[in-house]
Protein chains: 2
Amino acid sequence: MATNPEELPIVLILKPFPFIPSFQENFSNKFRSLKGTDLSVPVNEFLKKECQSVKALVCGAKFKLTKDILDCLPSLGCIVLTCVGLDNIDLDECRKRGIVVGNAGTVYSEDVADFAIGLLIDVLRGISSGHRFVRSGLWSINTEFPLGSKEFLGWEVLGSEVAKRLEAFSCVISYTSRTKKPSAPFSYYSNVIYLASHNDILILTCSLNKETFHIINKDVMSALGNKGIIINVGRGALVDEKEMVRCLLQGEIGGAGLDVFEKEPYVPEELLEMDNVVLAPHVAVVTVESYSALHELIISNLEAFFSNKPLLSLVKYN
Amino acid sequence: MATNPEELPIVLILKPFPFIPSFQENFSNKFRSLKGTDLSVPVNEFLKKECQSVKALVCGAKFKLTKDILDCLPSLGCIVLTCVGLDNIDLDECRKRGIVVGNAGTVYSEDVADFAIGLLIDVLRGISSGHRFVRSGLWSINTEFPLGSKEFLGWEVLGSEVAKRLEAFSCVISYTSRTKKPSAPFSYYSNVIYLASHNDILILTCSLNKETFHIINKDVMSALGNKGIIINVGRGALVDEKEMVRCLLQGEIGGAGLDVFEKEPYVPEELLEMDNVVLAPHVAVVTVESYSALHELIISNLEAFFSNKPLLSLVKYN
């Protein structure tokens, strides 16, 4: 590749994500970045004016890569996403235009799995509410803290990293997905309602698409039952949030650990005061280790693209 | 055993612990209980007046079984503890008097291990502080939540249940104890300072005795370093608490997850507002499952004693 800065390939950055300083330097040695964040003009205008020759862009989950946006970028050949989910991108349009797409691959898997287990133990054992109990001074006036529970009887798990951790806690694990996974030594349910009715805990790690939108609806929550717990580290809209709030208020499900919400950063007010609900500000992936791995992957994907090689975390169009 | 209630063996109860109703019934079918809790007279007076023929007692961690107390109970032959630790009992005196002692054995091990992992993930990934961040409404005004970290590099682990769980998180595990355990496939350090200087996280699950009082002192915390984390699910006095507060205030250690404290329920005020400290009101063992197992064990121990059989969780005097 060229070493004269003026000759470096241009990469459009459409997500303001926290750069690790060493990444910034490494990136600048290889690419010229064009920033489409904090614009003073509408984004379409900026793209049409400044980005007609842009061949590659980096983008996160919050920016919608619609047909309209792609229309503004006639030279685009490569999109590198900083997220795993593909719910913000019009893949059909990318396919038609021959744009290759890379996502975050598996860089977040371990951290999200760790976080899911942390949320779960917190909900089951009341760590956040115990912490508030201590902070409030109630412990010293001897109010009794309620008994915890460890209904580690069964789970819906998507993601082998979560399953691996749960096995160490002697959990009975089962799962659902479009097809049975020959490599997964767990009970398979073809339907999320059957799964919920046979388990106490649903851990949601799947991606959001037309099939999974509101997959956890009233019927699933009713099947899960009043001791059931929902852990969501996938996407907010996997769950019918309004219905979940109602179920929690009326004790129709037992608790929830939520890192994601339907309209982030909005969180339904009713959830804020519930001791059986643990809330996190979409941070399951937010660690130095995840971000370092992500940064390396972004650079490697862009290098591959500009060298006419396949992306390392190439997304299949289906 | 006798079925006439008047002929059932008497058992003195010296700990007001939350009985599960089914246990209460099962217990009452086998023993007559004499309650030494909520007394209107000093306990010694009660023991001398009402308990001269008492052969067995059940007691928890908060009641000190000193020589003075044992002097009040001339017929005592058996003590059944509801705790694992032996820091509240004068074992030498028991040995001299031929009193057999049973403790809670392993009934709490899994729950405490679960809780230790929950505390650890909470401290590392900021679950409690993230929860407060969301509850406070700060998320919606877009303040950035700090990056988490997963310095899962090494640990001091006493307790195979904790180690088993940590392995699933791909942790490097090492430990210290009086002697190397041939069954533990982890690095052994003969000295807690070496251990702390080679690891990022210390998980304390050991019992409190003369050798382990303040075992985590200034030198150990200094060896652990400014990224180091202490998780204590053992006993508060394993740690020099005053020194730990100083180290946390000055950033000489990185964080702590604490279920136990030196002078419970007192918690040093400085800890209450720290986002890198997670506090729990001594509840690692408090689950329905632990308590059910404990209740079964208490009854089995008492039955064994009154049938002249060895206790199931007999404590060795050393």
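Each chain has its residues counted from 1, running along the sequence as written. As a convention, the first chain written is A and the first ligand written is 1, with the rest following in written order. At least 70 in pLDDT is required for a residue's local features to be given in this predicted model, at least 80 for side-chain atom pairs to be given and counted, and no such filter applies to totals for whole chains, interfaces and linings, which use all residues. For the side-chain quantities, the full set of heavy atoms in the structure was used; hydrogens and water were omitted.

Recorded in UniProt under Sequence similarities (unreviewed entry), the annotation for chain A is "Belongs to the D-isomer specific 2-hydroxyacid dehydrogenase family." UniProt positions are given in the numbering used here, feature names are shortened, and annotations may be inferred rather than shown by experiment.

K.L.:
Account for the overall build of chain A, naming residues and giving values.
P.N.:
The secondary structure listing takes helices from DSSP runs of H or I that are at least 4 residues long and strands from runs of E that are at least 2 residues long, numbered from the N terminus. In terms of regular secondary structure, chain A is built from eleven helices and twelve strands. Relative accessibility thresholds used throughout: buried, under 20% of the residue-type maximum; exposed, over 50%; partly exposed, between the two (1.4 Å probe, protein chains only). Buried positions account for 53% of the 318 residues belonging to chain A. Of all intrachain contacts in chain A linking residues separated by at least 6 positions in sequence, the fraction that spans at least 24 positions is 57%. Taken as a whole, chain A presents about 14,500 Å² of accessible surface, with 51% of it coming from carbon and sulfur. Residue contacts are defined here by distance: any two heavy atoms, one from each residue, within 4.5 Å place the two residues in contact. For the area figures, the Shrake-Rupley method with a 1.4 Å probe applies, and any residue is considered shielded solely by the protein chains shown.

K.L.:
Let's hear about the nonpolar core: which residues, and what values?
P.N.:
Nonpolar cores are built from buried Ala, Val, Leu, Ile, Met, Phe, Trp, Tyr and Cys residues. Side-chain atoms within 4.5 Å join them into one set. Judged by nonpolar contacts, the single largest core of 96 residues is most densely connected at A:Phe27, A:Ile231, A:Leu302, B:Phe27, B:Ile231 and B:Leu302. Within the second largest apolar cluster, 31 residues are counted, among which are A:Val220, A:Cys247, A:Leu248 and B:Val134.

K.L.:
Describe the sheet that holds strand E1 (residues 10-13) of chain B, naming the residues involved and giving the relevant values.
P.N.:
Residue and element names in this part refer to chain B. Strand pairing requires that DSSP identify at least two bridges connecting the strands. Taken in spatial order, the five strands make up an open sheet running E2-E1-E3-E4-E5, and their pairing is parallel. This sheet does not close on itself; its edge strands, each paired only once, are strand E2 (32-35) and strand E5 (100-102). Neighbour-to-neighbour, the strand axes of this sheet turn through a mean angle of 25°, independent of strand direction. Relative to strand E3 (residues 56-59), E1 is paired through three bridges, and the arrangement is parallel. Bridge assignment links Leu12 to a residue of E3, and that residue is Leu57. Where helices are involved, their axes are fitted lines through C-alpha atoms of the stretch in contact, as for all axes, and angles between N-to-C directions lie from 0 to 180°. The strands that helix H12 (residues 288-306) touches are E1, E3, strand E4 (78-81) and E5; relative to E3, the one it contacts most, it runs at about 165°.

K.L.:
Mind laying out the packing of helix H7 (residues 160-168) of chain A against helix H7 (residues 160-168) of chain B, listing which residues take part and the relevant values?
P.N.:
Packed helices, taken two at a time, are described by the angle their axes make and the gap between the axes. Where H7(A) contacts H7(B), the two axes come as close as 8 Å, and the packing angle between them is 170°. As the angle between them shows, H7(A) and H7(B) are arranged roughly antiparallel. Side by side, H7(A) and H7(B) meet where A:Lys164, A:Arg165 and A:Ala168 of the first sit next to B:Lys164, B:Arg165 and B:Ala168 of the second. Under the scheme applied here, ten amino acids are nonpolar (Ala, Val, Leu, Ile, Met, Phe, Trp, Tyr, Cys and Pro), four are charged (Asp, Glu, Lys and Arg), and all others, including Gly, are polar. Tallied by class, residues from the contact of H7(A) with H7(B) come to two nonpolar, no polar and four charged. Any angle from 65 to 115 degrees is called roughly perpendicular, while one under 35 is roughly parallel, one over 145 is roughly antiparallel, and all others are oblique.

K.L.:
Please provide a residue-by-residue account of the pattern of salt bridges, values included.
P.N.:
All names here are of chain A. A pairing counts as a salt bridge when a side-chain nitrogen of Lys or Arg comes within 4 Å of a carboxyl oxygen of Asp or Glu. Overall, the coordinates contain 20 salt bridges over all chains when judged by the stated rule. Among the salt bridges present, the one from Lys67 reaches Asp71, with a minimum N-O distance of 3.3 Å. Of the two residues, Lys67 and Asp71 both sit in helix H3 (residues 67-71), four residues apart, roughly one turn of that helix. Linked through salt bridges whose partners overlap, the residues forming this network are Lys67, Asp71, Glu93, Lys96 and Arg97.

K.L.:
Lay out the domain arrangement of chain A in plain terms, naming residues and giving numbers.
P.N.:
Residue and element names in this part refer to chain A. Delimitation of the domains relies on an automatic or database domain assignment. According to the domain assignment, chain A consists of domain 1 (10-103 + 287-307) and domain 2 (108-279). Across the boundary between the two partners, domain 1 contributes nine residues, which contact four residues of domain 2. Buried area adds together the accessible area that both of two parts lose upon being put together, with accessible area traced by a 1.4 Å probe. Considering only the surface of domain 1 that becomes buried against domain 2, Val84, Asp87 and Ser290 emerge as the three largest contributors, covering 53% of it. For the pair domain 1 and domain 2, the number of links is one salt bridge. Here Arg235 and Asp87 are joined by a salt bridge, their closest N and O atoms 3.5 Å apart. For this analysis, a polar contact is any N or O atom pair within 3.5 Å, provided that within protein one partner can donate a hydrogen and the other can accept it, and provided that sequence-adjacent residues contribute only side-chain to side-chain pairs. On the surface where domain 1 and domain 2 come into contact, there are one residue pair in polar contact (both at pLDDT 80 or more). Among the residues making up the side of domain 1 that touches domain 2, the classes are represented as four nonpolar, four polar and one charged.

K.L.:
Give me the lowdown on the confidence of the model for chain A, citing residues and values where you can.
P.N.:
Low-pLDDT stretches of the model should not have their predicted coordinates read in fine detail. All names here are of chain A. Of the residues in chain A, 89% reach a pLDDT of 70 or more, and the chain-wide mean stands at 81. A residue's pLDDT is simply how confident the predictor is in it, with values from 0 to 100. Of all secondary-structure elements in chain A, the lowest mean pLDDT belongs to strand E6 (residues 155-156), at 36, while helix H10 (residues 241-249) reaches the highest, 97. Between residues 142-158, whose pLDDT stays under 50, and residues either more than four places distant or in other chains, the model counts 74 contacts. Two numbers describe this predicted complex: its pTM, 0.77, and its ipTM, 0.72.

K.L.:
I'd like a rundown of the side chain of A:Arg235, residues and numbers included.
P.N.:
Note that A:Arg235 resides in the loop between strand E10 (229-232) and H10. In this structure, A:Arg235 is in contact with A:Ala61, A:Cys83, A:Gly85, A:Asp87, A:Cys206, A:Leu208, A:Val260 and A:His282, ignoring residues within four places of it in sequence.

K.L.:
I'd like to hear about the sheet that holds strand E1 (residues 10-13) of chain A, residue by residue, with values.
P.N.:
Residues and elements named next belong to chain A. Judged by pairing direction, the sheet is parallel, and its five strands sit side by side in the order E2-E1-E3-E4-E5 without closing on themselves. Edge positions in the sheet fall to strand E2 (32-35) and strand E5 (100-102), since each has one partner strand and no second. Put simply, the sheet's adjacent strands are angled 25° from each other on average, direction ignored.

K.L.:
Describe in detail the side chain of B:Ser313, supporting the description with residues and values.
P.N.:
Residues and elements named next belong to chain B. Here Ser313 is to be found in the segment after H12. Overall, Ser313 belongs to the buried group, its relative accessible area being 9%. Within polar-contact distance, the side chain of Ser313 engages the backbone oxygen of Asn103 at 2.6 Å. With near-sequence residues (within four places) excluded, Ser313 lies in contact with Val101, Gly102, Asn103, Gly105, Leu297 and Asn301.

K.L.:
Lay out the environment of A:Ser28 in plain terms, naming residues and giving numbers.
P.N.:
Residue and element names in this part refer to chain A. Along the chain, the position of Ser28 falls in helix H1 (residues 21-30). We classify Ser28 as partly exposed; its relative accessible area is 38%. Placed 243 residues apart in sequence, Ser28 and Leu271 show a C-alpha to C-alpha distance of 43 Å.

K.L.:
How would you sum up the packing of helix H1 (residues 21-30) of chain B against H12(B)? Please name residues and give values.
P.N.:
Residue and element names in this part refer to chain B. Running from N to C, H1 and H12 point in directions that differ by 5°, and their axes come no closer than 10 Å. By the angle between their directions, the pair H1 and H12 is classed as roughly parallel. Together, Phe23, Asn26, Phe27 and Lys30 of H1 and His295, Ile298, Ile299, Leu302 and Glu303 of H12 make up the contact between the two elements.

K.L.:
Explain the environment of A:Ile253 residue by residue, including any values.
P.N.:
Residues and elements named next belong to chain A. Considering the arrangement of structural elements, one finds Ile253 in the loop between H10 and strand E11 (255-258). Through-space distance from the C-alpha of Ile253 to that of Ser222 is 7.5 Å; in sequence the pair is 31 residues apart. When near neighbours in sequence (up to four residues on either side) are disregarded, Ile253 contacts Met221, Gly225, Asn226, Gly228, Ile230, Met244, Cys247 and Leu248.

K.L.:
Can you tell me about unusual backbone geometry, naming the residues and giving the values?
P.N.:
Here A:Glu264 and A:Pro265 are connected by a cis peptide whose omega angle stands at 5°. Take A:Pro265: it is sitting in the loop between E11 and strand E12 (277-279). In this structure, A:His214 takes a positive phi of about 50° despite not being glycine. Considering the arrangement of structural elements, one finds A:His214 in the loop between strand E9 (201-204) and helix H9 (218-224). One non-glycine residue, B:Asn308, adopts positive backbone phi at about 55°. Following the sequence through the fold, B:Asn308 ends up in the segment after H12.

K.L.:
Account for the packing of aromatic side chains, with residues named and values stated.
P.N.:
All names here are of chain A. Classification of ring pairs uses Phe, Tyr and Trp, with its six-membered ring standing for Trp, and accepts pairs whose centres are within 6.5 Å; under 30 degrees between planes counts as stacked, over 60 as edge-to-face, and the remaining range as tilted. The full count for this structure, using the stated rule, is eight aromatic pairs over all chains. Centre to centre, the rings of Phe31 and Phe306 are 6.0 Å apart; their planes meet at 40°, and the pair counts as tilted. Taken together, the positions of Phe31 in the loop between H1 and E2 and Phe306 in helix H11 (residues 288-306) put the pair 275 residues apart, joining distant regions of the chain. With relative accessibility at 24%, the residue Phe306 sits in the partly exposed group. Here the aromatic residues Phe27, Phe31, Phe305 and Phe306 are joined through ring pairs into a cluster of three or more.

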